[in-house]
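Overview (structure and organization)
Residue-level listing of the chains:
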Amino acid sequence: MKKFYITTLGCKVNSYESQAIKEILFSHCYEEGLPPDLIIINTCAVTKMAEHKSRQKVSSLHKMYPNAIIVSLGCSSQLHENDFLNIEGVNIVLGNNNHKDILKAIDEYLKTNKQVCLVDKDVRHRKYQNLKITSFDEKVRAFVKIGDGCNNFCSYCIIPLNRGNLRSRDKDEIICEIKNLIKNNYQEIVITGIDIGSYGKEFTNYNFNDLLEDILKIDGLKRLKISSIEASQIDDRFINILRNSKVLMPHLHIPLQSGSDTVLKRMNRKYTCAEFYTKIKKIKEELPDVALACDVIVGFPSESEEEFNETYNFIQKCGFSFLHVFPYSIREGTVASKLPNQVNSNIKKERVKKLIELGNKLTEEYKEKNIGKTLHVLIENYDEKTKLYHGLTENYLDYYLPSEKNIINKIIEITYKK
């Protein structure tokens, strides 16, 4: 039996697709193990650094295992297939809509001993590539992909150029996959995609809220989490679903990107700060215990000190529980890459540091708010350093607790303390 090794860079969509590839290989007499006969690198293109790490990973794995067949696939391979074909040791390059071609590509390479490149470049007219999984590397939590692509075209974002048009997965396929994962003892399901709140826009009379309600009807589902959703996609019906469900986790990851209207306009984000705050205020009024996380980009072209301060103050005003801060990274081919007045890297670092400090302060305040509350921890692992079991509460606070017996993959009721 041939052995393979797969490594994944980037988001949970990539992780889902890597798991689907694993299961394709398992079904064709491959097994995971070292030294590998086959190496797969699932690349990322969200930033320049991510692309650099992707290329580095390819080169380092070739040096470690020079006799292995090397497959490069995913986002960076989609955008720069020739760069990867020119890296020593790369035998196969697959694009973002070609994961299911992996066995065909391996067979072709073995027959011809020539490099194989299968990259679908017609990104705006793709059909959904229906990959499937029955398990996930994380032992207690599984990610389920409900769609691909994006039609928003934010000026800084490369995703529409490598993931293509919005495509929603068939609801019956999603439901079936979640049922199988529950049978395989996964305690938490996280629904993920590129723009999941736009799910169903191609369908007639079936949208994201409909899908949520159908998923929540599945017997045995204990925890359901949404990976990320835009504020504009959160409506009264969604809030009611979240309020009335004990299964849907009270944790929302809502991208902000900037708290300055002038920067949002340059980013081609489709809301104002006032509109965003109105939605956050309503969510907090209706769901006072909800954890709110957000993404923010620092150092977007022409971002002035005044605009940065607007963002800083707006984040404080919103009172997020968690903050994810990213320095702006030029993505060739995007509108923002051509904008004047790119911000100096040292200024970016200084602003990133300030927002990370603010994020840490907001998280501590949220933790304080939860002290003494009854929460439920999904135990993920045993920490050898602390000799305690570790997991996450329903609002995604880390928690450690002792136990004489193995409680991994159990949901434990606790009184929260820091």
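Above this text is the structure in question.
Now for a description of the structure that goes with this document. Think of each chain on its own: its residues are numbered from 1, step by step along the sequence as written. This being a predicted model, a pLDDT of at least 70 is required before a residue's local features are given, and a value of 80 or more before pairs of side-chain atoms are given or counted; all residues contribute to the totals for chains, interfaces and linings. Side-chain figures throughout are based on the complete set of non-hydrogen atoms in the structure, without hydrogens or water.

1. Overview of the overall build of the protein chain
Elements are defined by DSSP. Helices are runs of H or I of four residues or more, strands are runs of E of two residues or more, and each kind is numbered from the N terminus. In terms of helices and strands, the protein chain carries 13 helices and 18 strands. Relative to its length of 418 residues, the protein chain is compact, with a C-alpha radius of gyration of 22 Å against a globular reference of 22 Å. By principal-axis analysis of the C-alpha atoms, the protein chain measures approximately 65 × 60 × 50 Å. The rule is simple: take the accessible area with a 1.4 Å probe, protein chains only, and divide by the maximum for that residue type; under 20% is buried, over 50% is exposed, in between is partly exposed. Here the protein chain holds 418 residues, and the buried ones make up 54% of them. For this analysis, residues touch if any pair of their heavy atoms sits within 4.5 Å. In the protein chain, the share of contacts with a sequence separation of at least 24, taken over all contacts with a separation of at least 6, comes to 73%. For the protein chain, the distance from the average site of its 61 positive side-chain charges to the average site of its 55 negative ones is 1 Å. Throughout, radius of gyration means the C-alpha value; the globule benchmark is 2.2 Å times the number of residues raised to the power 0.38. Within this scheme the basic residues Lys and Arg register as positive and the acidic residues Asp and Glu register as negative, but His and the chain ends are omitted. By convention, the point assigned to a charge is CZ for Arg, NZ for Lys, CD for Glu and CG for Asp.

2. Side note on the environment of K405
Mapped onto the elements of the fold, K405 is located in the loop between β17 (398-401) and β18 (411-415). For the pair K405 and T43, spaced 362 residues apart in sequence, the C-alpha to C-alpha distance is 39 Å.

3. Things to note about helix α5 (residues 102-112)
Helical periodicity: at 3.6 residues per turn, an α-helix aligns residues three or four positions apart in one direction. Residues of α5 that are buried: I102, L103, A105, I106 and Y109. In a view along the axis of α5, the buried residues occupy a sector of 160 degrees, so they form one face of it. Set apart from the buried face of α5 by more than 90 degrees, the exposed residues are K104 and K111. Buried residues belonging to α5 abut α1 (12-26), β2 (30-32), β3 (38-43), β4 (69-74), β5 (90-94) and β6 (116-118). Backbone geometry just after α5 places N113 at a positive phi near 60 degrees. The arc in question is formed by the directions pointing from the helix axis toward the C-beta atoms.

4. What about the side chain of E230?
Position of E230 relative to the elements: it lies in the loop between β11 (223-226) and α9 (236-244). Residue class for E230 comes out buried when judged on its relative accessible area of 16%. Apart from the residues lying within four places of it in its own chain, the contact partners of E230 are D195, I254, P255, R269 and Y271.

5. A few points about the environment of N346
Along the polypeptide, N346 turns up in helix α13 (residues 345-370). Each C-alpha atom of the pair N346 and K179 lies 49 Å from the other, and the pair is 167 residues apart in sequence.

6. Description of a negative patch on the surface
Each patch is built from residues that are more than 30% exposed by relative accessible area and take part in no salt bridge. Like charges join if they lie within 9 Å; nonpolar side chains (Val, Leu, Ile, Met, Phe, Trp, Tyr) join within 5 Å. Surface accessibility follows the Shrake-Rupley procedure with a 1.4 Å probe radius. Residue values consider only the protein chains on display as shielding. The working definition used for a salt bridge is a side-chain nitrogen of Lys or Arg within 4 Å of a carboxyl oxygen of Asp or Glu. Where like charges cluster on the molecular surface, the negative patch consists of D261, E275, E306 and E310. E310 gets classed as partly exposed once you look at its relative accessible area, which sits at 32%.

7. Structural notes on the sheet that holds strand β15 (residues 374-383)
Strand pairing follows a simple DSSP-based rule, namely that at least 2 bridges must link the two strands. Reading across the sheet, the four strands line up as β17-β16-β15-β18 and stay open at both edges, with antiparallel pairing between neighbours. The two strands at the open ends of the sheet, each matched to only one other strand, are β17 and β18. Neighbouring strand axes in the sheet, compared pairwise and without regard to direction, differ in orientation by 45 degrees on average. In this sheet, β18 lies alongside β15 in antiparallel orientation, the contact comprising five bridges. Across the sheet, the residue bridging to V377 is I412, located in β18. Interaxial angles span 0 to 180 degrees and are taken between N-to-C directions of axes, which are lines fitted to C-alpha atoms, for helices over the stretch in contact.

8. Here's the deal with the nonpolar core
Definition used in this section: a nonpolar core is a set of buried Ala, Val, Leu, Ile, Met, Phe, Trp, Tyr and Cys residues joined via side-chain atoms within 4.5 Å. The biggest cluster of nonpolar side chains holds 66 residues, and the ones touching the most others in it are F208, I215 and F276. With five residues, the single largest contributor to this core is helix α7 (residues 171-183). If near-sequence neighbours (up to four positions away) are discounted, F276 is found in contact with A231, I254, P255, L256, Y271, F314, C318 and F320. Counting residues in hydrophobic clusters, the runner-up holds 20 residues, among them L25, L38, L73 and Y109.

9. Details of the packing of helix α11 (residues 273-286) against helix α12 (residues 305-318)
Look at α11 against α12: their axes get within 10 Å of each other, and the N-to-C directions meet at 20 degrees. As far as their axial angle goes, α12 and α11 are roughly parallel. With respect to the hand of their crossing, α11 and α12 are arranged in right-handed fashion. Taking contact as the criterion, the partners of C273, F276, Y277, I280 and K284 in α11 are, on α12, F314, K317 and C318. The residue makeup of the contact of α11 with α12, split by class, is six nonpolar, no polar and two charged. Here the angle decides the label: under 35 degrees means roughly parallel, over 145 means roughly antiparallel, 65 to 115 means roughly perpendicular, and every other value means oblique. Left-handed describes a crossing whose near helix is turned anticlockwise from the far helix through less than a right angle; right-handed describes the clockwise counterpart. When residues are grouped by polarity, Ala, Val, Leu, Ile, Met, Phe, Trp, Tyr, Cys and Pro land in nonpolar, Asp, Glu, Lys and Arg in charged, and all others, Gly among them, in polar.

10. Concerning unusual backbone geometry
Cis geometry marks the peptide bond from L34 to P35; its omega dihedral reads -5 degrees. Its place among the elements puts P35 in the loop between β2 and β3. Positive phi, normally seen in glycine, also occurs at Y396, with a value near 65 degrees. Its location among the elements puts Y396 in the loop between β16 (388-393) and β17. Taking the relative accessible area as the measure of exposure, Y396 reaches 16% and is therefore buried.

11. Considerations on the pattern of salt bridges
What the rule picks out here adds up to 35 salt bridges. Among the salt bridges present, the one from K12 reaches E138, with a minimum N-O distance of 3.1 Å. Of the two residues, K12 sits in helix α1 while E138 sits in the loop between β6 and β7 (141-145), which places them 126 residues apart along the sequence. For the salt bridge of E286 with R243, the shortest nitrogen-to-oxygen distance reads 2.2 Å. Of the two residues, E286 is situated in helix α11 and R243 in helix α9; the sequence distance between them amounts to 43 residues. Accessibility expressed as a relative area gives 30% for E286, which makes it partly exposed. Salt bridges sharing common partners tie together K12, E138, R141, E188, R223 and E380.

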